[in-house]
Amino acid sequence: MLRFLSRSSKSRPTKDFKSRFQNPIKTLSQKYTNSRVCAANGSDFGLPARKDPVFPSGFLPKRGFWGNPIGNSNGSTRGFSTGREVMNYDVVIVGAGPAGLAAAIRLKQICREKNSDVSVCVVEKGAEVGAHIISGNVFEPRALDELIPQWREEGAPVEIPVSADKFWFLTKNRSISLPSPFDNKGNYVISLSQLVRWMGTKAEELGVEIYPGFSASEILFDAASDKVVGIATNDMGVAKDGSQKESFQRGVELKGHVTLLAEGCRGSLSEKIIRHHKLREKGHGQHQTYALGLKEVWEIEESKHQPGFVLHTLGWPLDSKTYGGSFMYHMKDKQVSIGLVVALNYHNPFLNPFEEFQKLKHHPAIRPFLEGGTVLQYGARTLNEGGFQSIPNPVFPGGAIIGCSAGFLNVPKIKGTHTAMKSGMLAAEAAFSALHEGSDMEMYWDSLKKSWIWEELYKARNYRPAFEHGLLPGLAISACERYFFRGRSPYTLKHGKPDHEATDAASLHKPIQYPKPDGVLSFDVPTSLYRSNTNHDHDQPAHLRLRDPTVPARVNLPIFAGPESRYCPARVYEYVPDEEGALKLQINAQNCLHCKACDIKDPKQNIEWTTPEGGGGPGYSLM
């Protein structure tokens, strides 16, 4: 685990993860001499060396292992606690996605503007920056324009403007064109995975330390004040039975005066903080509601490729009581991104989102685009759909929640990258002010409510809950919201039941017979998993845990017909016969795509998703 400390702050975040563990571990003194994190001053990054900052109450500098105040011109400091190495920073950010990297970049920009410095660390569970990023993506550049106005000149992978915007209602055999509600003029079709890689290089050029391949598994609290003081990474080299392998390396404590959680939708640490500090109640927010998005990237025939063409659909293959829809985005290089989004408050336990996606590709209006093409990648991820009603107070003692961990997705736009980035920028400004100007992180909450994020989500607040009444009523209410009230309706609709409570008993529904995949347009799960590049060390403790091991056989199977074997898009959960012929749940954790659907949809909330050993999971590059 200690080897990552010697990583150059200007090296690319896409460096091969495994190569860092092939040589014997260096001693701490050797690494301290060689590490960039103990550079003599900030001048390596074009930043002036600074004096020790004056911290307001609650942000007093502590003394690290080497006796240096946290946040001085030496960058980070380190020591040892509970057998783990300790690295101290001003700001620790969990997650190298759009929100986390935007926060890191904005912090360093303010440092240059103020002729000061703040030490910033970003820890990322993916083997490289962008490896776990899957979003759509039709990208609205509003936040990027604010963060890096010269992004066009600096080679950002944002190149294909939207050229056409279509919206279809699908029946089984027809497509009916409807007025497009998305207004994508000025937006771009991109790979978000590639964009965050570019943002990672920009962050590192400013002096941000990014550590991919390490999972933040634990929140560190100050025992006296209950304030968050950082995070700890997973121990590595632990066998499935809990014993230490020869490769065992203790986790590292990354401590910060401010901790920002940017884990994405249903972040494990974020959810713990929300519950621990009752942040949803504090913000007067309702429960969050979610959807599962499944996606493939295809390379299609050049004659069929229309760069910038954007298509969204509602209706088939989903039934009228299930909210969701599909998308198709024509990217560059003859690549097309196609996917299906299924709201996780669906009722029928026999519904299988993966199989519904396979059906979609055979629709007479969709099939012609894909015929003759080749699938390049497959992936899946949940997304927040609660919107304005479900936003928690994102500030906790010692830090804040940013991006999709807090739930800033604009559902009718089907966009959350621009709002995630903006939230990270606002949190960065609040963090700098807290560290240097005597304010506190509540400034982030205040700034958020005054920002265009708040205005945008407020206007969009009634679209998603409108569909609680079914597809056609939802379309009617949404049309009124868009064309009559224009987001200023005098009422605010509420969400229905939490997603896990929405599942009906199997006795109320008939099993769904899905067609076999043809291997041309539709595929089985193992074939698709291969295209996700997902990988986990088999010999490690399972990161998918049952709070009560008896629930699957006692409740899920007899009452709900084992829905976890269907809502999971990676066949992680299977019911197999035991020695006596009775069905038991088998968990294939190595298949996990980190989508978090199980953590959300399990009827009894019996499955807990925790972080696996760092570097595991999918390996997306085109998503």
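About the cut-offs
- Residues numbered from 1 in each chain as written.
- Predicted model: local features only at pLDDT ≥ 70, side-chain atom pairs only at ≥ 80, totals over all residues.
- Heavy atoms only, no water.
- Salt bridge = Lys/Arg side-chain N within 4 Å of Asp/Glu carboxyl O.
- Buried < 20%, exposed > 50% of the residue type's maximum accessible area, 1.4 Å probe, protein only.
- Patch = residues over 30% accessible without salt bridge, like charges linked within 9 Å, V, L, I, M, F, W, Y side chains within 5 Å.
- Areas by Shrake-Rupley, 256 points an atom, 1.4 Å probe, with all protein chains shown as cover.
- Lys, Arg positive; Asp, Glu negative; His and termini not counted.
- Charge placed at Lys NZ, Arg CZ, Asp CG, Glu CD.
- Helix = DSSP H or I, 4+ residues; strand = E, 2+ residues; numbered from the N terminus.
- Contact = heavy atoms within 4.5 Å.
- Pairing = 2+ DSSP bridges.
- Axes fitted to C-alpha atoms, helices over the stretch in contact; angles between N-to-C directions.
- Phe/Tyr/Trp six-rings, centres within 6.5 Å; stacked < 30°, edge-to-face > 60°.
- Lys NZ or Arg CZ within 6 Å of the ring centre and 35° of its normal.
- Disulfide = S-S within 2.5 Å.
- Expected span 1.5 Å × (residues − 1).

S.K.: Please explain the pattern of salt bridges as it appears in this structure.
M.R.: Oppositely charged side chains can form a pair if their charged atoms are brought close together. Taken as a whole, this structure holds 24 salt bridges when the rule is applied. Arg106 is the salt-bridge partner of Glu113, the closest N and O atoms lying 3.1 Å from each other. On the accessibility criterion, Glu113 (54% relative accessible area) is exposed. Close ionic contact of Arg554 with Asp548 constitutes a salt bridge, the shortest N to O distance being 3.2 Å. Residues participating in the shared-partner salt-bridge network are Arg84, Glu218, Glu253 and Lys255.

S.K.: For this particular structure, what's the right way to read a positive patch on the surface?
M.R.: A surface patch of positive charge is lined by Lys272, Arg275, Arg545 and Arg547. As for its position among the elements, Arg275 is in helix 5 (residues 268-276).

S.K.: When you look at the side chain of Ser423 in this model, what are you seeing that I'm missing?
M.R.: Among the secondary structure elements, Ser423 is positioned in helix 9 (residues 417-436). Contacts of Ser423, omitting those with residues within four sequence positions, involve Ile402, Gly403, Phe408, Tyr444, Leu448 and Ile453.

S.K.: Would you mind showing me how to read the sheet that holds strand 16 (residues 309-315) here?
M.R.: Think of a sheet as strands paired side by side through backbone hydrogen bonds, with each pair either parallel or antiparallel. Reading across the sheet, the seven strands line up as 7-6-16-17-18-15-19 and stay open at both edges, with mixed pairing between neighbours. Lying at the two open borders of the sheet, with one neighbouring strand each, are strand 7 (175-178) and strand 19 (374-384). Sheet twist, expressed as the mean angle between neighbouring strand axes with direction ignored, is 20 degrees. Bridge analysis of strand 16 against strand 17 (residues 324-330) gives five bridges, and the strand direction is antiparallel. In the strand pairing of strand 17, Val310 is matched with Tyr329. Across the sheet, helix 14 (residues 525-532) is in contact with strand 15 (290-299) and strand 19; its angle to strand 19 comes to roughly 90 degrees.

S.K.: Any chance you could explain the packing of aromatic side chains here in plain terms?
M.R.: Any aromatic ring pair is given by two values, namely how distant the centres are and how the planes are angled relative to each other. Counted under the stated rule, the structure contains 12 aromatic pairs. For the ring pair Phe484 and Phe485, a centre distance of 4.9 Å and an interplane angle of 75 degrees mean the geometry is edge-to-face. Judged by its relative accessible area of 63%, Phe484 falls in the exposed class. Taking the relative accessible area as the measure of exposure, Phe485 reaches 25% and is therefore partly exposed. A cation over an aromatic ring shows up here: Lys361 above the ring of Phe357, its NZ or CZ 4.9 Å from the ring centre. Lys596 extends its terminal NZ or CZ atom over the ring of Trp609, reaching a point 4.3 Å from the ring centre.

S.K.: What is the right way to look at the state of the cysteines in this model?
M.R.: Every disulfide links exactly two cysteines, by a covalent bond between their sulfur atoms. Evaluation of the coordinates by the stated rule reveals zero disulfides. Cys598 supplies the cysteine sulfur nearest to Cys592, a cysteine that is in no disulfide, at a spacing of 6.3 Å.

S.K.: Would you explain the sheet that holds strand 8 (residues 188-189) in this entry?
M.R.: The sheet built from three strands is open, its strands ordered 4-8-5 with antiparallel pairing. Each edge of the sheet is formed by a strand with only one pairing partner; in this case those strands are strand 4 (138-139) and strand 5 (160-161). Relative to strand 8, strand 5 runs antiparallel, the two being bridged by two bridges. By the bridge assignment for strand 8, Ile160 is matched with Val189.

S.K.: Hey, could you run me through unusual backbone geometry in this one?
M.R.: In most cases, non-glycine residues show a negative phi, while peptide bonds are predominantly trans. Residue Pro317 is bonded to the preceding Trp316 through a cis peptide linkage, with omega at 15 degrees. Mapped onto the elements of the fold, Pro317 is located in the loop between strand 16 and strand 17. Positioned with a positive phi, Arg266 is a non-glycine residue whose angle comes to about 60 degrees. Mapping Arg266 onto the fold places it in the loop between strand 14 (252-261) and helix 5. Under the relative-accessibility criterion, Arg266 is labelled buried at 12%. The backbone of Ala561 shows a phi angle near 60 degrees, a positive value even though the residue is not glycine. Secondary-structure assignment places Ala561 in the loop between helix 15 (551-560) and helix 16 (564-567).

S.K.: Help me understand helix 4 (residues 192-205), please; the structure alone is not making it clear to me.
M.R.: Counting along an α-helix, one turn takes 3.6 residues, and residues three or four places apart therefore face a common direction. Compared with the 20 Å implied by 1.5 Å per residue over 14 residues, the 20 Å span of helix 4 between its first and last C-alpha is a close match. With 12 of 14 residues buried, helix 4 lies mostly within the body of the structure. Taken together, the buried residues of helix 4 touch helix 2 (98-114), strand 4, helix 3 (142-147), strand 9 (209-212) and helix 9. The first or second residue beyond helix 4 is Gly207, which carries a positive phi of 105 degrees.

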